[in-house]
Every structure is written in C-alpha cells, then in structure tokens.
Amino acid sequence: MGVNIADMLGNDAEQLLNHQCSTVSKKMLHLPGPDFVDRVFAATDRPVPVLRSLQEFFNHGRLSGTGYLSILPVDQGIEHSAGASFAPNPAYFDPENIVKLAMEGGCNAVASTLGVLGAVARKYAHKIPFIVKLNHNELLSYPNTHDQVMFADVRQAWELGARGVGATIYFGSAESGRQIQEVSEAFQLAHELGMFTVLWCYLRNPAFKVDGTDYHTAADLTGQANHLGVTLKADIIKQKMPETNGGYPAVSEKAGKEFGKTNKNVYSKLTSENPIDLTRYQVVNCYMGRAGLINSGGPSGDNDLADAVRTAVINKRAGGMGLISGRKAFQRPMAEGVELLQAIQDVYLDRSVTIA
C-alpha cells in the first residue's frame, strides 16, 4: 500500500487498529462489500435504473468492486465563497480541474454544483459519475444567514448526465421543516429518473453549543440526523465524524427542560468513548448500514494526510462505507491532492484494517 497506516496514526495506532467493538456487534450490520447493491439495495423499492446507477458508482475508481466509496466534493465555492475556497489554489476556479482531480485521484465520483458539472458535462459525464449538489448555503447576503436553498432542479442534473444528486438538510434549524419537504420531493424525482441520492445530514442550531462544547458532532444527535436522512430514502448518508456524545442531555440541561427523546442505553450499551464506537452508532442509525455512511474529511489543516487516514480508519472499522474529502484535497497542488485521496483509498483497500 502507498502509506504506512500505523505510522500515520502515531500514538493512536494501538487504540484504533486493535479496538474491538463491544457495543453493537458487527454481525448486526449490513457491511460494505462487492455485492452490496445485490444484497441490500436490490431488496428495496428503488427502480432498476437507480440500481444501475449505484452499481456504476460502486464500480468506478480505485475502490471499484470493494463496496467502499471515495468521493471528491467541491461545493465550497458557494458554501464558503469562491475566494475563501480557491484562493489557496486558484487552478480550481476552473471546474475542469475539479473533475480532473477526482479522476486522477481514483475517486468513485465527483460531487459539485450544477454550474461546475454543467460546464464540462459533455467532456466528462461519461468518464466519471457526476453527483449534482442541489441546494446550498450562500454567504453573500448581509447579514449572513444559514439556510440551504435549492439552486438546481433534479431534471437539470439528469439532463447533464448525472448519476446521482446530493442535498443538505440543517437538522435542528428553524428552516429544517421546509428543507425536509424540498429534499424529500427532490429525492423522489431523482429515483424516478434513475439517479441515486446522497444526503448531507448536518446539524445547525446555536443551542447545540453548551458550555464550550460543540454538540453539532455529538454521536447521539448526528445519529438521529442520520436516521431522519435514511427515512427520506437517502441511499448514502454523509455525516461529520462524531467528536463527542451526550448532546440530548447537555441541551436539555441548558434549556432547563427536556429536549427531544433519548435513552440511557445510548450512552451505556450502544456507545463508548472510543471514536470507532461513536461512529458505529452513526452506522446503526443508517438502518444498521442499509444506507452507507460516509464521513467528511473536514477542513484543511496542518496534518491533512494523517488526519484523513485517521478518519478513514475510524469510518471503515466502524462499518462505514467511505470518505468524502474536499478541502483537504483541492486546497493544495493537484499532485498532493491526488496523494491524499489515494492515501484514504489505501485504508479501504488494506485488508488488515478490519471491522471492529
């Protein structure tokens, strides 16, 4: 393999590579594998063209035939502003370089905006699966607000040759009710047209920050967001990796009244402090893995390669389906971006990294 995984993990190698999950057994999960479409999706009510699109998705790139997924997502030109996203590497103002990075990096698919993918569709839509991100949060209106609004129509994605569509819901936000309705309708039409669906199941509410702890990445709250996403018939769930737990009780204590519903077993029997067990709970909420969990690579920092490998190890050992990594890959020279994407893929290709 291209990277030494244990060296990349450093002091965390023992904890992450040898941990055995004693919460929810891997035997209860629908784990990724070469037959995942036949074994899991074929039993659903997805139309046959959706199964074809999913199989093409799983059979592309370096992870082809493994049941694991590596996706390059670049919607930050809208979400974070083009300047903030592409100034570190101006080449990516050109949409063609985004697609080239996904192809040279060996990804299963490239996920981006209607404009980005539409700009190069006739040259590349038949060479790598496209996922059109339908809604976005823009930060040009003043004062800045946070709301996912539809920028694209499902039929536009279908017409440019996309194999899948993606969307974000800010669960917990005041606008989530409208977003749920919009995404539900969009995903239904996408399935009717033969495209698979990917849902970014994000949390957003100022009340989820309590006494200096950010519970937007709590296992219990993100797990529930995943469960809502699968209920909307998302085929793939994209979620931030859990960094803490106990969101329900913390928000309840802050509010002085019960927030939502949870159970003590969530914190004693179904999770532990180990990041693999916290991520396992996210997989459990994806209908025990019937919808694949892909975790995000996160923002670019000082140790991107090691951080990406660590995230991939946790996701894989928890029973997840892969990683979606954007800023870590495109905010650097293309050769380095390719190296990072392939380091992630090496974790999923390495049979010594097993399910915990």
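Before reading further, recall that the structure is shown in the block above.
Residues numbered from 1 in each chain as written. Predicted model: local features only at pLDDT ≥ 70, side-chain atom pairs only at ≥ 80, totals over all residues. Heavy atoms only, no water.

1. A word on the sheet that holds strand β10 (residues 236–239)
Point 1. Strand order in the closed barrel made by the eight strands is β1-β2-β3-β6-β7-β10-β11-β12, with parallel pairing throughout. Going from strand to strand, the sheet's axes swing by 25° on average, the running direction of each strand aside.
Point 2. The pairing of strand β1 (residues 69–74) with strand β12 (residues 322–324) spans three bridges and is parallel. Among the inter-strand pairings, Ile71 is bridged to a residue of β12, identified as Ile324.
Point 3. Its contacts with the sheet put helix α6 (residues 95–104) on β1, β2 (109–112) and β3 (130–133), and the angle it makes with β1 is roughly 165°. (Pairing = 2+ DSSP bridges. Helix = DSSP H or I, 4+ residues; strand = E, 2+ residues; numbered from the N terminus. Axes fitted to C-alpha atoms, helices over the stretch in contact; angles between N-to-C directions. Contact = heavy atoms within 4.5 Å.)

2. Things to note about the packing of helix α11 (residues 219–231) against helix α14 (residues 275–284)
Two quantities define a packed helix pair, namely the angle between the helix axes and the distance between the axes.
Point 1. Where α11 meets α14, the closest approach of the two axes is 8 Å, and the angle between their N-to-C directions is 25°. Our classification of the angle between α11 and α14 gives roughly parallel. α11 and α14 meet at a crossing whose hand is right-handed. Where α11 approaches α14, its residues Ala219, Asp220, Thr222, Gly223 and Asn226 are matched on the opposing element by Leu278, Tyr281 and Gln282.
Point 2. Residues of the contact of α11 with α14, tallied by class, amount to three nonpolar, four polar and one charged. (Parallel < 35°, antiparallel > 145°, perpendicular 65-115°, else oblique. Left-handed = near helix turned anticlockwise from the far one by under 90°. Nonpolar A, V, L, I, M, F, W, Y, C, P; charged D, E, K, R; others polar.)

3. Examining the environment of Ser112
Point 1. With respect to the helices and strands, Ser112 occurs in strand β2.
Point 2. Measuring from C-alpha to C-alpha, the distance between Ser112 and Ala167 comes to 11 Å, with 55 residues separating the pair along the chain.
Point 3. In this structure the side chain of Ser112 is engaged in a polar contact, spanning 2.5 Å, whose partner is the backbone oxygen of Val74. (Polar contact = N/O pair within 3.5 Å; in protein donor to acceptor, adjacent residues only side chain to side chain.)

4. Here we look at helix α17 (residues 334–349)
Point 1. The terminal C-alpha atoms of α17 lie 22 Å apart, and with 16 residues this matches the ideal 22 Å at 1.5 Å per residue to within 8%.
Point 2. Regarding α17, the residues found buried are Gly337, Val338, Leu340, Leu341, Ala343, Ile344, Gln345, Asp346, Val347 and Tyr348.
Point 3. The inward-facing, buried residues of α17 contact α1 (5–9), β1, α6, α15 (304–318), β12 and α16 (327–330). (Expected span 1.5 Å × (residues − 1). Buried < 20%, exposed > 50% of the residue type's maximum accessible area, 1.4 Å probe, protein only.)

5. Thoughts on the packing of α14 against α15
Point 1. Contact geometry for α14 and α15: axes closest at 8 Å, N-to-C directions at 55°. Classed by the angle they form, the pair α14 and α15 counts as oblique. Crossing hand, α14 versus α15: right-handed. Facing α14, whose interface residues are Pro275, Ile276, Thr279, Arg280 and Val283, α15 presents Arg310, Ile314, Asn315, Arg317 and Ala318.
Point 2. Among the residues making up the contact of α14 with α15, the classes are represented as five nonpolar, two polar and three charged.

6. Regarding the pairing of β2
Look at any regular strand and the pattern is simple: side chains alternate between the two faces of the sheet.
Point 1. Burial along β2 is two-sided: the face carrying Ala109 and Ala111 and the face carrying Val110 and Ser112 are both buried.
Point 2. Strand direction decides the pairing type here: β1 and β2, joined by four bridges, are parallel. Bridge pairing in β2 links Val74 to Ser112.
Point 3. In this structure, β2 lies alongside β3, joined through three bridges in parallel fashion. Residue pairing in the sheet places Ala111 in a bridge with Ile131 of β3.

7. Quick notes on the nonpolar core
Generally speaking, a soluble globular protein has its nonpolar side chains buried in company with each other.
Point 1. Leu72, Phe130, Leu199 and Ile237 are the most contacted members of the largest nonpolar core, which totals 87 residues.
Point 2. The contact partners of Leu72, leaving out residues within four places of it in the chain, are Ile98, Leu101, Ala102, Cys107, Ala109, Val110, Ala111, Ser325, Gly326 and Ala329. (Core = buried A, V, L, I, M, F, W, Y, C linked by side-chain atoms within 4.5 Å.)

8. Quick word on the pattern of salt bridges
Point 1. Evaluated as defined, the whole model comprises 15 salt bridges.
Point 2. One salt bridge connects Asp147 with Arg178, and the closest N-O pair in it is separated by 3.1 Å. With Asp147 in the loop between β4 (135–136) and β5 (149–150) and Arg178 in helix α10 (residues 176–192), the pair connects residues that are 31 residues apart, well separated along the chain.
Point 3. Among the residues examined, Arg178 registers a relative accessible area of 31% and is labelled partly exposed.
Point 4. The salt bridge involving Arg332 is made with Glu336; its shortest N-O contact spans 3.6 Å. (Salt bridge = Lys/Arg side-chain N within 4 Å of Asp/Glu carboxyl O.)

9. Quick notes on unusual backbone geometry
Note: most peptide bonds trans; most residues except glycine with negative phi.
Point 1. Omega for the peptide link from Tyr142 to Pro143 comes to -5°, which places this bond in the cis form.
Point 2. Turning to its location among the elements, Pro143 is positioned in the loop between β4 and β5.
Point 3. Not every positive phi belongs to a glycine, and Ser81 is a case in point at roughly 90°.
Point 4. Residue placement: Ser81 occurs in helix α5 (residues 76–86).

10. Some details on the packing of aromatic side chains
Point 1. What the rule picks out here adds up to 10 aromatic pairs.
Point 2. Between Phe86 and Phe93, the aromatic rings sit 5.4 Å apart at their centres with planes inclined by 65°, giving edge-to-face as the arrangement.
Point 3. Connected via pairs of aromatic rings, a cluster forms that spans Phe36, Phe41, Phe57, Phe58 and Phe196.
Point 4. A cation over a ring is seen here: Lys133 above Trp200, with NZ or CZ 5.2 Å from the ring centre.
Point 5. Taking NZ or CZ as reference, Lys240 lies 4.8 Å from the ring centre of Tyr202, over its face. (Phe/Tyr/Trp six-rings, centres within 6.5 Å; stacked < 30°, edge-to-face > 60°. Lys NZ or Arg CZ within 6 Å of the ring centre and 35° of its normal.)

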